[in-house]
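# Chains, contacts and geometry: an overview
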Amino acid sequence: MKLAWQNIFHDRSRFLATVLGVSFAVFLIVFQGSLLVGFLQAASRFINASDFDIWITARGVQAFEFGATLEAREREMAAGVPGVVETGRACMAFAVYRKPNGKQQVVALVGADSNLGKRFPVPELAETTESRSPDAILYDASDRSLIEVASLPAEVEINGHRANIEHEIEGFGGFLGVPSLFTSYRNAARYLGVGPDDGMYVLLRVGKEYSVSDVQRNLRQRLPEVDVLTREEFAHKSRMYWVIKTGAGSAILTAAVLGFLIGLVVVSQTIYANTMENIEEYATLKALGASRVFVARIVLIQSLICGAAGSILGLLAVVPAMHYARSLIPWIHTPWWLPLIMVVLSLLMCSLASIASVRSALTVDPGRVFRA
Amino acid sequence: MPDRFLAVEEARISFGEGDARVRALRGVSATFERGTLSLVMGPSGSGKTTLLSLLGCLLSPDEGTVFVDGVAVNELSASEKTVLRRKKISFVFQAFRLLHSLSAIDNVALGLEIRDGRRADQIVMARELLLQFGLGDKLNREPSGLSPGEKQRVAIARALAGNPPILLADEPTASLDAEAGRSICQILRSQVDKNGRTVVVVSHDPRWKEFADRTITLSDGQIKPQAQGQHA
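Residues numbered from 1 in each chain as written. Chains lettered and ligands numbered in written order. Predicted model: local features only at pLDDT ≥ 70, side-chain atom pairs only at ≥ 80, totals over all residues.

### Re the overall build of chain A
Test applied: Helical segments are the DSSP runs of H or I of at least four residues, strand segments are the runs of E of at least two, and each set is numbered from the N terminus. Put simply, the radius of gyration uses C-alpha atoms, and a globule should come to 2.2 Å times the residue count raised to 0.38. Remark: C-beta atoms are placed from the backbone, and a residue is labelled buried if 20 or more other C-beta atoms sit within 10 Å of its own, exposed if 12 or fewer do, or partly exposed between those counts.
Along the backbone of chain A there are twelve helices and nine strands. Expected size for 372 residues packed as a compact globule is a radius of gyration near 21 Å; at 28 Å, chain A overshoots this value by more than 25%. For chain A, the C-alpha atoms occupy an extent of roughly 90 × 50 × 35 Å along the three principal directions. For chain A, with 372 residues in total, the buried portion stands at 45%.

### Remarks on the pairing of strand 6 (residues 161–169) of chain A
Residue and element names in this part refer to chain A. As a reminder, the rule being used: A strand pair is defined by DSSP finding two or more bridges across the two strands.
Pairing of strand 4 (residues 137–140) with strand 6, which is carried by four bridges, proceeds in the parallel orientation. Bridged to Ile-137 within strand 6 is Ile-165. Direction of pairing for strand 5 (residues 154–158) relative to strand 6: antiparallel, over a ladder of five bridges. Bridge assignment links Glu-157 to a residue of strand 6, and that residue is Arg-162. Hairpin connection from strand 5 to strand 6: two residues lie between these consecutive antiparallel strands, with Asn-159 at a positive phi of about 50°.

### Quick look at the domain arrangement of chain A
Residue and element names in this part refer to chain A. Heads up, the rule is: Residue ranges assigned to each domain were obtained from an automatic or database domain assignment. Any two residues are considered in contact once their C-beta atoms, placed from the backbone, lie within 7 Å.
In terms of domains, chain A is made up of domain 1 (2–42 + 247–370) and domain 2 (60–224). Inter-centroid distance (C-alpha atoms) of domain 1 to domain 2 is 46 Å. With four residues of domain 1 in contact, the opposing surface of domain 2 contributes four residues.

### Some thoughts on helix 1 (residues 48–55) of chain B
Among the eight residues in helix 1 of chain B, eight count as buried, and that is most of the element. Residues of helix 1 of chain B that are buried: Lys-48, Thr-49, Thr-50, Leu-51, Leu-52, Ser-53, Leu-54 and Leu-55 of chain B.

### A few points about the environment of Asn-115 of chain A
Residue and element names in this part refer to chain A. With respect to the element layout, Asn-115 can be found in the loop between strand 3 (104–112) and strand 4. It is 48 Å that separates the C-alpha atoms of Asn-115 and Gly-310, two residues lying 195 residues apart in sequence. Apart from the residues within four sequence positions on either side, Asn-115 is in contact with Glu-86 and Gly-88.

### Topic: the interface of chain B and chain A
Rules: Gly is put with the polar residues, along with every residue not named as nonpolar or charged; the nonpolar set is Ala, Val, Leu, Ile, Met, Phe, Trp, Tyr, Cys and Pro, and the charged set is Asp, Glu, Lys and Arg.
Across the boundary between the two partners, chain B contributes 23 residues, which contact 19 residues of chain A. Elements supplying a minimum of two residues to the side of chain B that touches chain A: helix 1, helix 2 (78–88) and helix 3 (104–116) of chain B. Of the residues forming the side of chain B that touches chain A, the biggest block, five residues, is contributed by helix 3 of chain B. Grouping the constituent residues of the side of chain B that touches chain A by class yields ten nonpolar, seven polar and six charged.

### Side note on the sheet that holds strand 8 (residues 198–202) of chain B
Residue and element names in this part refer to chain B. Using the following cut-off: A fitted line through C-alpha atoms serves as each axis, taken over the contacting stretch for helices, and the angle formed by two N-to-C directions is quoted from 0 to 180°.
Strand order in the open sheet formed by six strands is 6-7-8-3-9-10, and the pairing between neighbours is mixed. Each of the sheet's edge strands pairs with one partner strand only, and the pair in question is strand 6 (89–92) and strand 10 (222–223). For strand 9 (residues 214–219) and strand 10, the ladder comprises two bridges, and the chain directions are antiparallel. When the bridges of strand 10 are listed, Leu-218 appears paired with Ile-223. Helix-sheet contacts for helix 5 (residues 148–160) involve strand 6 and strand 7 (166–170), and the interaxial angle to strand 6 is about 175°.

### Focus on the environment of Leu-76 of chain B
All names here are of chain B. Of note, Leu-76 is situated in the loop between strand 5 (71–72) and helix 2. For Leu-76 and Ser-60, which are 16 residues apart along the polypeptide, the C-alpha to C-alpha distance reads 10.0 Å. Apart from the residues within four sequence positions on either side, Leu-76 is in contact with Lys-81 and Leu-84.

### Concerning the sheet that holds strand 2 (residues 22–31) of chain B
In sheet architecture, strand pairing relies on hydrogen bonds along the backbone and comes in two forms, parallel and antiparallel. Residue and element names in this part refer to chain B. One open sheet holds the four strands; their spatial order is 2-1-4-5, and the pairing between them is antiparallel. Both outer strands of the open sheet, strand 2 and strand 5, are each paired with one neighbouring strand and no more. Against the sheet, helix 1 contacts strand 1 (6–15), strand 2 and strand 4 (63–68), and its axis sits at roughly 120° relative to strand 1.

### Overview of unusual backbone geometry
With an omega of -5°, the peptide bond between Leu-152 of chain A and Pro-153 of chain A qualifies as cis. Within the fold, Pro-153 of chain A resides in the loop between helix 5 (144–147) and strand 5. Of note, the phi angle at Glu-10 of chain B is positive, near 50°, even though the residue is not glycine. With respect to the helices, strands and loops of the structure, Glu-10 of chain B is situated in strand 1. On the neighbour-count criterion, Glu-10 of chain B (13 C-beta atoms within 10 Å) is partly exposed.

Okay, here's the thing in structure tokens:
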């Protein structure tokens with residue numbers, strides 16, 4: 001279809017405008033999508049970082065960040081349920097952090113037993129060669145400027161207790177607007193004034209020969225005063241809480257939806273305008289006897305060329321933009337499938353837009369060819 | 001039985017509604033014989049282009065019948081009309097209507113592709129047609145690089161690609177100077193004489209009279225009675 005290619009490349013400025021329109025849409029959707037995906041991941045990061053199958057929380061807890069204390073007996077009773085082979089604890093609460101320079105800062109303090117999994121940020125890691133004391137405090141690299149420690153280890157205070165910041169980790173930057181500190185469960189309980197045997201979250205590992213849902217059902221019968229959720233259920237609940245019930249989450253969701261719609265409109269308008277620019281030529285083709293398929297094929301090929309070029313340009317623009325954005329928004333995340341989906345989606349959007357615009361091309365009155 | 005190779009019978013057509021309604025043709029009947037060049041003249045708004053649109057299957061009459069290659073086109077579907085147009089009819093326009101992004105040879109090749117489908121030799125055939133019209137040195141020029149006369153010759157070459165028997169031309173010399181206009185008149189006349197095509201030319205240009213086998217004059221949507229010695 002030489003005509004399709006020639007139409008595109010003949011008027012380079014129009015082609016550039018079309019490609020820029022599509023690439024803007026792709027960029028917008030990928031960026032907004034990355035914000036949403038990153039936010040959703042961050043909302044359930046700690047839950048997903050654990051290897052345990054079931055989470056027990058106080059009744060009505062909506063998200064990991066807003067837990068409530070559970071009594072020690074709940075953990076003991078859960079441990080006795082058939083199928084439960086291991087238990088662990090985690091807690092999270094806000095605390096006052098006094099920096100080495102004397103300034104104070106509210107922090108999110110996360111404590112966890114060391115058996116929660118390799119990915120959970122706790123001081124004792126079996127595989128590490130670094131020497132970490134069980135009561136060490138860790139912080140995420142993205143919070144470095146707020147933690148304000150000149151060198152490690154550094155002596156600080158948390159809720160009036162002396163504490164040692166010993167290591168910097170990566171990948172656990174939060175969206176709460178306050179830095180997160182990570183330590184052992186025992187240490188965190190001490191800082192937060194929680195009884196040493198009490199828990200905020202009780203995590204259970206289910207034996208391989210047992211069904212998680214059966215054990216969950218059993219637990220619910222035995223522990224009617226608490227919520228018993230699988231890891232996926234609690235992660236989903238936490239994500240939904242943050243994205244639906246909080247202003248920030250709703251704004252990100254709305255922005256992502258609007259980004260998608262705006263992208264769709266931009267692509268549609270751009271492709272439609274591109275088709276309408278050539279409407280006289282389509283009328284000529286029809287007058288010459290070109291079939292509907294012939295004309296539609298030209299419009300579709302033009303749209304797909306613009307879609308492919310716009311997608312590539314948009315994705316190329318996303319790479320440096322995301323790199324920069326990550327320095328400001330540590331939790332933003334572009335999963336590998338998002339750009340891939342976006343390429344397919346943009347080609348689909350271009351095809352749909354071309355179908356809409358091809359209607360104009362196909363229904364154009366061939367009689368207009370006589371109007372000079 | 002009259003030859004209904006290309007004809008209209010009692011064709012009536014109106015545009016618009018209410019007070020804005022314009023009766024473009026009011027019972028026009030005309031037969032265009034095979035292998036002739038017919039000239040349709042008349043003032044602006046007389047219905048010349050509407051008649052050409054009917055003959056080209058681009059419009060359907062409100063009443064009356066249009067025959068192309070003996071077929072009453074009123075009864076055909078839009079896609080059947082498209083096929084008929086593709087096989088039998090070709091157009092030459094006042095504004096040339098060349099595809100601006102294609103070279104002269106590609107414009108002609110596109111005409112071939114539309115009529116005959118994609119063919120390996122379509123560029124060779126397009127080249128031959130353009131050579132016939134003295135455009136051998138302009139094959140790869142885009143329309144913007146051609147003079148008006150050259151554009152119209154490319155448009156005629158495109159119209160002749162695929163060898164359609166009917167050629168409908170709407171003011172083909174209106175945008176051309178005297179010399180280029182005369183050249184176009186000669187080219188279309190030769191298509192009648194050498195190839196037996198049926199050519200209908202709508203024009204204000206009186207130069208066409210010497211090249212036409214007959215002249216039809218339209219006035220206010222009707223064929224004007226012919227002066228003695230002429231026939232419609």
